[in-house]
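An overview of the molecular structure
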Amino acid sequence: APPNSLFGDQPQNELVIRVQPNEAIYYRLLAKTPGISSRAHEVRRTVLDLDLKTMDAGRSPEAYEKLINDVIKGEGHNFVRADEVEEGWRIFDPLLKQLEKQDGPDPFTYKKGSRGPKQADELINSMGFRRYTMTGVQGFAQDHFD
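Small disclaimer: the values here were computed from a predicted structure and weren't measured.

Let us look at the overall build of the protein. Looking only at helices and strands, the protein features three helices and five strands. The linear arrangement of helices and strands in the protein, starting from the amino end, is β-β-β-α-α-α-β-β. The 146 residues of the protein split such that 12% are buried. Nonlocal contacts in the protein, meaning residues at least 24 apart in sequence, comprise 22% of its contacts between residues at least 6 apart. When the accessible area of the protein is evaluated, it comes to approximately 12600 Å², of which 57% is carbon and sulfur surface.

This is the structure:
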């Protein structure tokens, strides 16, 4: 559990995305035990499960079979249009070229297991965002509420 966890030393929430051959998406999370007399640390593990094989949806298509079928039917909702791709490159290509230059910026370093580089906290603060603690107290991104 992370420091200052509301639920104490409990297992972490976990999002699992499983691909072929046993496709599934499920979210294991801690849920507060219901009832007015239960305390904050009284939690239980529960699972939100989206297992398509347990649903009565008929035969499940193979990999890319659904996409190919969409192409044949003229359904474009799963695909990016050419103008979207061009616009993405127009925006990001100059950035990538700048980063790849010999004199381009170096990544900021930070200690393994930390919150990341201090420059990230400075950016968050400069944009006006604030971190809220489990008690709802507002603070700056780099503040530690021990």
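For the rest of this paragraph, the subject is the sheet that holds strand E3 (residues 43-50). In spatial order, the strands read E1-E2-E3; together these three strands make up an open sheet with antiparallel pairing. At either margin of the open sheet sits one strand with a lone partner, and together these are strand E1 (14-18) and E3. Between one strand axis and the next, the sheet turns by 20° as a mean value, whatever way the strands run. Across eight bridges, strand E2 (residues 24-32) lies against E3 in antiparallel orientation. Residue Ala 31 lies in a different strand from E3, and its bridge partner there is Arg 44.

You can see Leu 30 is positioned in strand E2. The buried category is assigned to Leu 30, whose relative accessible area is 14%. Residues Leu 30 and Arg 44, spaced 14 residues apart in sequence, show a C-alpha to C-alpha distance of 5.5 Å.

Quick look at the side chain of Asp 70 now. By the secondary structure assignment, Asp 70 is in helix H1 (residues 65-73). Given the relative accessible area of 2%, Asp 70 is considered buried. At 2.8 Å, the side chain of Asp 70 forms a polar contact with the side chain of Lys 66. The contacts of Asp 70, once residues within four sequence positions are left out, are Glu 75, His 77, Asn 78 and Phe 79.

Before going further, it helps to spend a moment on a nonpolar patch on the surface. The grouping of Val 80, Val 85, Trp 89, Ile 91, Phe 92, Leu 95, Leu 96 and Leu 99 at the surface amounts to a nonpolar patch, some 760 Å² of accessible area in total. Checked against the element boundaries, Trp 89 lands in helix H2 (residues 82-100).

Turning our eyes to something else, we now look at the pattern of salt bridges. Within this structure, the stated rule accounts for six salt bridges. Taking the shortest distance from any N to any O, the salt bridge between Glu 14 and Arg 45 comes out at 4.0 Å. Of this pair, Glu 14 sits in strand E1 while Arg 45 sits in strand E3, and the two are 31 residues apart along the sequence. Here Arg 81 and Asp 83 are joined by a salt bridge, their closest N and O atoms 2.9 Å apart.

Moving on: the pairing of E2. Bridge count between E1 and E2: five bridges; the pairing is antiparallel. Along E2, the bridge assignment pairs Val 16 with Tyr 26. Hairpin connection, E1 to E2: the antiparallel pair is bridged by five residues.

Attention now moves to the environment of Tyr 27. Following the sequence through the fold, Tyr 27 ends up in strand E2. Excluding residues within four positions of it along the chain, Tyr 27 makes contact with Asn 13, Glu 14, Leu 15, Thr 46, Val 47 and Leu 48.

What counts and what doesn't
Throughout this description, residue numbers start from 1 for each chain and increase along the sequence as written. Reporting of local features is limited, given that this is a predicted model, to residues whose pLDDT is at least 70; pairs of side-chain atoms are given and counted only at 80 or more, and all residues count toward the totals for whole chains, interfaces and linings. For side-chain calculations, the full set of non-hydrogen atoms in the structure is used, while hydrogens and water are omitted. Only runs of H or I of at least four residues qualify as helices and only runs of E of at least two qualify as strands under DSSP, and these elements are numbered from the N terminus. Type-normalised accessible area, obtained with a 1.4 Å probe on protein chains alone, sets the label of each residue: buried when under 20%, exposed when over 50%, and partly exposed for intermediate values. What makes two residues a contact is simply this: any of their non-hydrogen atoms within 4.5 Å. Accessible surface area values rest on a Shrake-Rupley calculation with a 1.4 Å probe, where residue burial reflects the displayed protein chains alone. What makes two strands pair is DSSP finding at least two bridges between them. As a rule, the C-alpha atoms of each element are fitted with a line to give its axis, helices using only the stretch in contact, and angles between N-to-C directions run from 0 to 180 degrees. Each polar contact in these results corresponds to two N or O atoms within 3.5 Å; when the atoms are within protein, one needs to be able to donate a hydrogen and the other to accept it, and residues that are neighboring in sequence are counted only if both atoms are side-chain atoms. Candidate patch residues must exceed 30% relative accessible area and have no salt bridge, after which like charges are joined if within 9 Å and Val, Leu, Ile, Met, Phe, Trp or Tyr side chains if within 5 Å. The salt bridge criterion pairs a side-chain nitrogen of Lys or Arg with a carboxyl oxygen of Asp or Glu, the two atoms within 4 Å.

Spatial relationships are all this shows, so hold off on functional conclusions.
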